[in-house]
Amino acid sequence: MKFKVAVSVFCGVTLFASVGFSQQAKFPAFSAEAHRGGRGLYPENTITAMLQTMKIDGITTLEMDTHITKDGKVVVTHDDYLSPAFMLTPEGKEIPVTDAKKYPVFGMNYDELRKFDLGTKYFDQFPKQQKSKQYIPLLNSLIDSVQAKTKKTKSKQFFYNIETKCSEKGDGVTNPEPEVFVKLLMDVIEKKKIMPYVVIQSFDKRTIQIINQKYPKVKTSFLVANKKSYEENIADLGYKPFILSPVWQMVNEEMVAKAHADGVKIVPWTANTAEDIKKLKALKVDGIISDYPDVLVQTKL
């Protein structure tokens, strides 16, 4: 039964990719990506952050994180548990540090999760962040909002770089099994008909391996932060992804050259200063993920 479902979904993806608007989906020559929607400026992973960042000329890609709720909803949020650092309870109270693991996203139904506020509390890590009351959105609602604004303003089509937040140790605790996660995520992406504009990224190689096998038309990105060589990371993944996305400190001329020779793009994360961004651009990376999309587009070589 699982095999039949996978084949059905796979056939749907193939059909869409072949007859859809894939000709319009050329990946940016340089992917300027707003990390979590640009959390240096706006509350992270919110619809507001995405819509505001879309106004920044030069940004091509909206980067975001996804989790699965107890009732199987795909939501846009980064942490496994609601963070005391910037979340408030539905009553507007702070979450004590002692309750740092009291509210697991995977352990809550979406109706309950949506009541928490992630945009009002001052977040000292990003002092310039514009504060406003915000909630954790459903992925499908965020896509609807972005696509509606694109249509209304007749603006360019933005790419979506969507991360699966899961791990082996989190299976059944903070995330579902990778096959379930991928199916729920891809169902949303297929329904919203944005497949040509999507990159799925993850530190959890299992999810993108599944996508590479079952949804081969979908672009994937392998997130890494280690001391392995380019070749070792690719061997670990088991196939050549569309993108290798290392923490920015890992990037050097040799890595970029080897990736490009393999037809793999390098899009590092998370470079936030003009100095670091210049260094990466000088290495001819294919994009940069930054908390400060304004700094990213303003920084030239």
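Now for a look at the structure at hand. (Residues numbered from 1 in each chain as written. Predicted model: local features only at pLDDT ≥ 70, side-chain atom pairs only at ≥ 80, totals over all residues. Heavy atoms only, no water.)

### Remarks on the packing of helix α5 (residues 178-192) against helix α6 (residues 205-214)
Between α5 and α6, whose axes approach to 9 Å, the crossing angle comes to 60°. The pairing of α5 with α6 is recorded here as oblique in orientation. Crossing hand, α5 versus α6: right-handed. Packed against α5, whose contacting residues are P178, E179, V182 and M186, the element α6 presents R206, T207, I210 and I211 at the interface. When its residues are assigned to classes, the contact of α5 with α6 shows 5 nonpolar, 1 polar and 2 charged. (Axes fitted to C-alpha atoms, helices over the stretch in contact; angles between N-to-C directions. Helix = DSSP H or I, 4+ residues; strand = E, 2+ residues; numbered from the N terminus. Parallel < 35°, antiparallel > 145°, perpendicular 65-115°, else oblique. Left-handed = near helix turned anticlockwise from the far one by under 90°. Contact = heavy atoms within 4.5 Å. Nonpolar A, V, L, I, M, F, W, Y, C, P; charged D, E, K, R; others polar.)

### Comments concerning the side chain of E44
When you line up the elements, E44 lands in the loop between β1 (31-34) and α2 (47-53). Take E44: its relative accessible area is 5%, and that puts it in the buried class. In contact with E44, not counting residues within four places along its chain, are R36, R39, H78, F86, L118 and Q129. (Buried < 20%, exposed > 50% of the residue type's maximum accessible area, 1.4 Å probe, protein only.)

### Concerning the side chain of T77
Tracing the backbone shows T77 in the loop between β3 (74-76) and α3 (110-113). The exposure class of T77 is buried, given its relative accessible area of 9%.

### Regarding the environment of L138
Along the chain, L138 falls in the loop between α3 and α4 (139-153). A residue is classified by how much of its surface remains accessible, and L138, at 17% relative accessible area, is buried. For the pair L138 and H67, spaced 71 residues apart in sequence, the C-alpha separation works out to 9.7 Å. Discounting chain neighbours no more than four positions away, the residues touching L138 are K73, V74, V75, V76 and Y110.

### Focus: the environment of K55
Considering the arrangement of structural elements, one finds K55 in the loop between α2 and β2 (61-68). For K55 and P241, which are 186 residues apart along the polypeptide, the C-alpha to C-alpha distance reads 30 Å.

### Notes on the pairing of strand β9 (residues 287-290)
Both faces of β9 are covered, namely the face carrying G287 and I289 and the face carrying I288 and S290. As paired elements, β1 and β9 share 4 bridges and run parallel to each other. Along β9, the bridge assignment pairs A32 with I288. (Pairing = 2+ DSSP bridges.)

### Quick look at empty space enclosed by the protein
In the structure shown here, the tally under the stated rule is 1 cavity of 30 Å³ or more. The volume enclosed by the largest cavity comes to roughly 50 Å³. Forming the boundary of the largest cavity are E44, T77, D79, Y81, L82, S83, F86, M87, L118 and I136. Counted by class, the lining of the largest cavity contains 6 nonpolar, 2 polar and 2 charged residues. (1 Å grid on protein atoms, 1.4 Å probe; cavity = no way out; pocket = protein on both sides within 12 Å on 5 of 7 lines; lining within 4 Å. Points joined across faces, edges and corners; volume = space filled by probe spheres on them.)

Any link to function would need more than the numbers given here.
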